[in-house]
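# Coordinate inspection notes
Given next are the chains, with one letter for each unit.
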Amino acid sequence: MAVTAPGLRQLLDIDDLDAGSALALLDRAEALREVAAGRAPALATLAGRTVVNLFFENSTRTRISFGLAARRLGAEVVEFHAHTSSTSKGETLLDTWRTIDAMGCDAWVVRHGGDESVAQLAAAVGPEVAIVNAGSGTRAHPTQALLDALTIRQRKGRLHDLKVLVIGDVRHSRVARSNLKLMAMLGMGELRVAAPPALQAPELATDGVALFDRLEPALAGCDVVMALRLQTERMASASIPDGAAFFRDWGLTPARMALAEPDAIVMHPGPMNREVEIASAVADSPAAVIWDQVGNGVAMRMAVLEAITPRRPQA
Ligand code: NCD
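Residues numbered from 1 in each chain as written. Predicted model: local features only at pLDDT ≥ 70, side-chain atom pairs only at ≥ 80, totals over all residues. Heavy atoms only, no water.

## Section: the overall build of the protein chain
The criterion, for reference: Elements are defined by DSSP. Helices are runs of H or I of four residues or more, strands are runs of E of two residues or more, and each kind is numbered from the N terminus. With C-alpha atoms as the basis for the radius of gyration, the globule rule is written as 2.2 Å multiplied by the number of residues raised to the power 0.38. For each residue, the accessible area found with a 1.4 Å probe, counting protein chains only, is set against the maximum for its type, and the residue is called buried under 20%, exposed over 50%, and partly exposed in between. Surface accessibility follows the Shrake-Rupley procedure with a 1.4 Å probe radius. Residue values consider only the protein chains on display as shielding.
Each helix and strand counted, the protein chain has twelve helices and ten strands in total. Over its C-alpha trace the protein chain gives a radius of gyration of 19 Å, about what one expects of a compact globule, namely 20 Å for 315 residues. Along the longest, intermediate and shortest principal axes, the C-alpha atoms of the protein chain span 60 × 45 × 35 Å. When each of the 315 residues of the protein chain is scored for burial, the buried share is 56%. Split by element, the accessible area of the protein chain, about 12,900 Å² in all, is 54% carbon and sulfur.

## Here we look at the site of the ligand
Heads up, the condition is: Near, as used in this document, describes a residue that has one of its heavy atoms within 4 Å of the molecule or strand being considered. Definition of a polar contact: a pair of N or O atoms within 3.5 Å, with one able to donate and the other able to accept a hydrogen when the atoms are protein atoms, and with sequence-neighbouring residues admitted only if both atoms are side-chain atoms.
Taken together, the neighbourhood of the ligand is formed by Arg61, Thr62, Arg111, His141, Gln144, Arg174, Val175, Arg229, Gln231, Pro269, Gly270 and Pro271. Gln231 places a polar side-chain atom, nitrogen or oxygen, 2.7 Å from an oxygen atom of the ligand. Pro269 places a main-chain nitrogen or oxygen 2.9 Å from a nitrogen atom of the ligand. For the ligand, whose accessible area on its own is 320 Å², the fraction buried by protein is 94%.

## Quick notes on the nonpolar core
In plain terms, the rule: Take the buried Ala, Val, Leu, Ile, Met, Phe, Trp, Tyr and Cys residues and link them wherever side-chain atoms come within 4.5 Å; each set so joined is a nonpolar core.
Membership of the largest hydrophobic core comes to 64 residues, with the highest contact counts inside it found for Leu25, Leu146, Ile152, Met188, Met300 and Leu305. Here the element with the most residues in this core is helix H12 (residues 290-308); it accounts for nine residues. With 28 residues, the next largest nonpolar core counts Ile167, Cys222, Ile278 and Ala279 among its residues.

## Remarks on the pattern of salt bridges
To keep it simple, the criterion reads: By convention in these notes, a salt bridge is any Lys or Arg side-chain nitrogen within 4 Å of a carboxyl oxygen on Asp or Glu.
Under the counting rule described, the total for this entry stands at 22 salt bridges. Among the salt bridges present, the one from Arg28 reaches Glu306, with a minimum N-O distance of 2.6 Å. Residue Arg28 is found in helix H1 (residues 19-31), and its partner Glu306 is found in helix H12; the two are separated by 278 residues along the sequence. Given a relative accessible area of 13%, Arg28 falls into the buried group. Its relative accessible area of 0% is what places Glu306 among the buried residues. Glu216 is the partner of Arg214 in a salt bridge, and the nearest nitrogen-oxygen pair spans 3.7 Å.

Here it is, written out as structure tokens:
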């Protein structure tokens, strides 16, 4: 079985890849599509291995897709939920890892609210431990960026000469940060971000990303339009925007989408807040690839788990 990114043991952010290894992961995910979709039998690549879903933040699609990805590679899965664990009794992240590791586990899928928590855990346990970042604070969500690139390639037929727009709460979005890094690395084309000043991430402008403070001019001529959820859980209550007011100025409506290319695709990492960042008429339109993104999550995470998980020595 091909190991697509030789030597890759920890995927903490897009910086752990180069364009070649990122494209190799996309190709491998593409090849795994039938198994990932449950239309072909599970593989035995990770038979006898155990993958831990170590989640300190809520999740639906990321947790479930990593779990399915591990099982469809033949691995066992351990589910850790912070809110029912001894975290509430004061156990640290590192001691939680040591506890589960002592029971014999091989790869770690970690989501945490702290920007640096997953990277700090990876540094503490050492580079030989297989870890994938499933979302850390506002900082990084590398597998989301990879599955989004896979979806763009499938729907647009290329990863170059594209105008890509990311809209909304960029400031608090690990999805936006990892996506813009990967898109720049792959040379995807013209990258744009449109956000109200309070939700903008000015540091992104230095990475060759054009920042807009109005949605309409940013949408002109776009091939790929990505809406983001307002990350209200990361905002002080006084600064949480009113949903209806946000929708009026920043909501992705059919009238606004008409400013993009006629064959533009609409993406959203989920969970969606309908009629806040995106109108149902857009989310449910043929331009939307939101459920493709979810399906691609299983294939992409199979490719990543296959690449990072050490194999059991042959008997
Ligand atoms: C995102 C996340 O958790 O970062 N969801 C996801 O993983 N698909 C985005 C969000 O929560 O808004």
